[in-house]
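# Structure assessment
The primary structure of each chain is shown beneath.
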Amino acid sequence: MGRIPERVIDEILDKADIESVVGHYVSFTKRSGSNLKGLCPFHSEKTPSFNVNTQKNIYKCFGCGKGGNAINFIMNIESLSYPEAVKFLGARYGIDVPEEDSDYREAGIKQHKDRVKKLLADAEAFYIDEFRNSPDASKARSYAEGRQLDKETCEKFGIGYAPAEWGVLKSFLAKKGYTEDEMKDSGLFTVSREGDKIFELFRGRLMFPIKDAFGNTIAFGGRNLGSELPKYINSPDSAVYKKQDNLYAYNIAKKERSKTLIVVEGYMDVIAMHKAGFSNTVAALGTAFTDSQLRLCARTGNCEEVVFFFDSDAAGQNAALRAIQMMIKYLRRMSGMSLIIKIAKVPGGKDPDEFIRQNGSEAFARVVDSAQTVAEYLAQRAYNDNVDDKGKLDTARYLNDICLYGSWSDDEIARDIIASEASKKLDMRLEVIINRMAGLASNDREREAMMEARGLGRMKEGELDHRRKSGSDEMPQGYYDSQVPPPEYAAPNAPQGESVPNTDPLPFNVDEQTRISQDEIADPLQISLMAHALSLNELLCDKSMVDKEDIVRAGDFTCVNLKKMIREYYEIYTVGQGVSIARFIDVMSKYVLNGRPAEDVILEAMTQCDKYQDSRVLRDMYLAILYKVRLEAMTIKEDDLVRQLSVSTGEDKDKIISELKKIDLYKNKIKDKESRI
Ligand SMILES: [Zn+2]
């Protein structure tokens, strides 16, 4: 299906006013100003908590948290895909919905993409050749040997080596006739801050090509051969690659036509599994499992069940709970898809690679066979998490977890399985537990609060630790210079949708791709910052309201999805007008924040801003949050530098000291501004 032109989306959002669209399904019981209230069509309730704002052209339910624009509403209520919902509304409001398939621009894009794919295939051949023949690659070869990657395996997976020296790949590709634009769009290079130079992203690394379902190389993962972090770097999303839509080794696994697909954590796990005879194994690519990855599994030949292996450490197990919650949600949305999800556990807390090496394939086959269904896993998990070494059960917490897990699913059988063991253990009637599950299920917010208390809070701390340890370079050099360049946003009155070069001041944002759970965790303060910026809207880039350097930029966010969202926001931003919130909801609906649809999370945070009648008060709140976020980031950076200071000497030491001074100055400047709010 072709792309629907932006102008058509704008026209639909303009003509399909939210009151009449929603009015087909909801009768409004109360009206005050531009606000309408009624019973929510998405969850059962007796008192109306479903709101429509006719001025902003959006809806929001405070019971179940659903919110969005007219298109989202139709998608939800009619169970339609995005383009289907657009066509549905087009038909109802007499707007012709064409597709941009055949036009010249699309043809040009296709040609460019084909070139980029060819470039990536050439790069793969280059890396393989380096791996086999270059003296520089001896470390890579001995690493591969140590991990028992024989010649055949290396060939099958296209294992390669990216030379450590700068410029080698670039000149190889230039000789082959590729342009710098094509190189930029390949995801193999990073672009200098000034945008005029490109550098190889992967250097001195063992390379794993990532292929699409048809076996075309579309990206790479690169493993460091030394001890420095990050251990793995993955290609960023590019002209030909979206990590959320792909699975590592899927092109091989799908040929198995097995009824089971196995999902493990890393490249090396996949390779070990294939070697041991489990060619039906794939890995997610440095993200939490997404709904499109699940759909990819469902579309695979005879696939009936997907068996997941999660790391057995605390972080891995927390991630497992989050992933299960999301997958249950995806499955609910994908009606008609009968995919069984199972969770398997490698005994002894090992990863699959290690286990197979020690115990062989047959033992591993038994591990796969003993995988539990989601309901069984959750029932047992609730018990294991709350029982101590002496077998004493914390009954209150156990019951809480049971009810929470049961509330994720609306499947009666699943609820029954989760509740029945608990009913026996707690000597409590089954329907009492099941009723509590149902009660929680209809209250997203209470459930989120429980989830937060249950584990997300802990995960956040772990994440922060990780960020500190890995020496984050989120804050680019010069960020805290007094002459900070303003963030670039669309030129005044740039036509909507015209793309603006990405000039975000992050010179090497590789760790966006490697921090696995980062797109999961959005800090509440940063969500609030986003909400305040969006509420300011046209005032955000109004010089008389906000100083240039106080305009929020992607670098202010640590969460990848918030970064991406603010970039997209500025892409469609028009000075003097801002961006219509209904239009931006459309953008947000591509993203997930903390396991929930981004538009739900952001709209909820934006309602906090609605209470400020005076835009100057809103502005001051915005600034206060911005300063707090920036100060926090500086403190993390400072901690890093101080740690580096203790192990550095001579020139390096001087550099760090001068950087620390700059940070100090910058912090004082912010504090000074803060005190003037
Ligand atoms: Zn609702």
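Description of the structure in this document. If you're wondering where the values come from, they're calculated on a predicted model, not measured in any experiment.

## A word on the pattern of salt bridges
Tallying each qualifying case throughout the model produces 24 salt bridges. A salt bridge links Asp-385 to Arg-381; the nearest nitrogen and oxygen atoms lie 2.8 Å apart. In this pair, Asp-385 and Arg-381 both sit in helix α15 (residues 374-385), four residues apart, roughly one turn of the helix. Residue classification places Asp-385 among the partly exposed positions, given a relative accessible area of 32%. Within the structure, one salt-bridge network assembled from shared partners comprises Glu-549, Asp-550, Lys-669 and Lys-673.

## Overview of helix α18 (residues 430-441)
The terminal C-alpha atoms of α18, which comprises 12 residues, lie 17 Å apart, in line with the 16 Å expected from a rise of 1.5 Å per residue. Within α18, burial applies to Ile-433, Met-437 and Leu-440. In a view along the axis of α18, the buried residues occupy a sector of 65 degrees, so they form one face of it.

## Topic: the environment of Tyr-59
Within the secondary structure layout, Tyr-59 lies in strand β4 (residues 58-61). The buried category is assigned to Tyr-59, whose relative accessible area is 0%. Expressed as a C-alpha distance, the spacing of Tyr-59 and Glu-19, which sit 40 residues apart in the sequence, is 9.0 Å. A polar contact of 3.4 Å, which involves the side chain of Tyr-59, links it to the side chain of Asn-76.

## Some thoughts on the sheet that holds strand β2 (residues 35-38)
The five strands lie next to each other as β1-β2-β3-β4-β5, forming an open sheet whose pairing is antiparallel. In this open sheet, the two edge strands, each paired with only one partner strand, are β1 (28-32) and β5 (67-68). Taken together, the four bridges between β1 and β2 define a ladder with antiparallel strand orientation. What sits directly across from Phe-28, in β2, is Gly-38. Its contacts with the sheet place helix α24 (residues 598-609) against β4 and β5, and it is angled at close to 85 degrees to β4.

## Quick notes on the coordination of the zinc ion
Every protein donor of the zinc ion is accounted for by Cys-40 (SG), His-43 (ND1), Cys-61 (SG) and Cys-64 (SG), and the metal-donor separations fall at 2.1 to 2.4 Å. Between the four donor atoms coordinating the zinc ion, the angles at the centre fall across 101 to 117 degrees, so the site counts as tetrahedral.

## Digging into the packing of helix α16 (residues 395-408) against helix α17 (residues 412-426)
Remark: α16 packs on α17, axes separated minimally by 9 Å, with the N-to-C direction vectors making an angle of 165 degrees. Classified by the angle their axes make, α16 and α17 are roughly antiparallel. Note on packing geometry: the crossing formed by α16 with α17 is left-handed. For the pair formed by α16 and α17, the contact residues are Thr-395, Tyr-398, Leu-399, Ile-402, Tyr-405, Gly-406 and Ser-407 on the first element and Arg-415, Ile-418, Ala-419, Glu-421, Ala-422, Lys-425 and Leu-426 on the second. Looking at the contact of α16 with α17 residue by residue, the classes come out as eight nonpolar, three polar and three charged.

## Looking at unusual backbone geometry
Keep in mind that most residues, glycine aside, have a negative phi and that most peptide bonds are trans. Within the chain, Asp-427 stands out as a residue other than glycine whose phi angle is a positive 50 degrees. Secondary-structure assignment places Asp-427 in the loop between α17 and α18. Residue classification places Asp-427 among the exposed positions, given a relative accessible area of 72%. The backbone of Asn-537 sits at a positive phi, close to 50 degrees, despite the residue not being glycine. If you trace the backbone, Asn-537 turns up in the loop between α21 (524-536) and α22 (560-571). A relative accessible area of 13% places Asn-537 in the buried class.

## Quick look at the sheet that holds strand β17 (residues 372-373)
Strands sit in the order β12-β14-β13-β15-β16-β17 across an open sheet of six strands; the sheet is mixed. Pairing within the sheet leaves two strands with one partner each, and these edge strands are β12 (247-248) and β17. Taken together, the three bridges between strand β13 (residues 260-264) and strand β14 (residues 281-284) define a ladder with parallel strand orientation. Of the residues in β14, the one forming a bridge with Ile-262 is Thr-281.

## Some remarks on the environment of Met-545
One can find Met-545 in the loop between α21 and α22. With relative accessibility at 9%, the residue Met-545 sits in the buried group. As for Met-545 and Asp-620, which are separated by 75 residues in sequence, their C-alpha atoms are 9.6 Å apart. Those residues in contact with Met-545 that sit more than four places away from it in its chain are Leu-539, Ser-615, Arg-616 and Arg-619.

## Things to note about a negative patch on the surface
Together, Glu-265, Asp-311, Asp-313, Asp-351 and Glu-354 make up a negatively charged patch on the protein surface. With respect to the secondary-structure elements, Asp-313 resides in the loop between β15 (305-309) and α13 (314-333). A relative accessible area of 43% places Asp-313 in the partly exposed class.

So, how was this worked out
- Residues numbered from 1 in each chain as written.
- Predicted model: local features only at pLDDT ≥ 70, side-chain atom pairs only at ≥ 80, totals over all residues.
- Heavy atoms only, no water.
- Salt bridge = Lys/Arg side-chain N within 4 Å of Asp/Glu carboxyl O.
- Helix = DSSP H or I, 4+ residues; strand = E, 2+ residues; numbered from the N terminus.
- Buried < 20%, exposed > 50% of the residue type's maximum accessible area, 1.4 Å probe, protein only.
- Expected span 1.5 Å × (residues − 1).
- Arc of directions from axis to C-beta.
- Polar contact = N/O pair within 3.5 Å; in protein donor to acceptor, adjacent residues only side chain to side chain.
- Pairing = 2+ DSSP bridges.
- Contact = heavy atoms within 4.5 Å.
- Axes fitted to C-alpha atoms, helices over the stretch in contact; angles between N-to-C directions.
- Donors = N, O, S within 2.8 Å, 3.2 Å for Na, K, Ca; no water.
- Tetrahedral: all angles 85-135°; square planar, octahedral: opposite > 155°, others 65-115°.
- Parallel < 35°, antiparallel > 145°, perpendicular 65-115°, else oblique.
- Left-handed = near helix turned anticlockwise from the far one by under 90°.
- Nonpolar A, V, L, I, M, F, W, Y, C, P; charged D, E, K, R; others polar.
- Patch = residues over 30% accessible without salt bridge, like charges linked within 9 Å, V, L, I, M, F, W, Y side chains within 5 Å.
- Areas by Shrake-Rupley, 256 points an atom, 1.4 Å probe, with all protein chains shown as cover.
- Lys, Arg positive; Asp, Glu negative; His and termini not counted.
- Charge placed at Lys NZ, Arg CZ, Asp CG, Glu CD.

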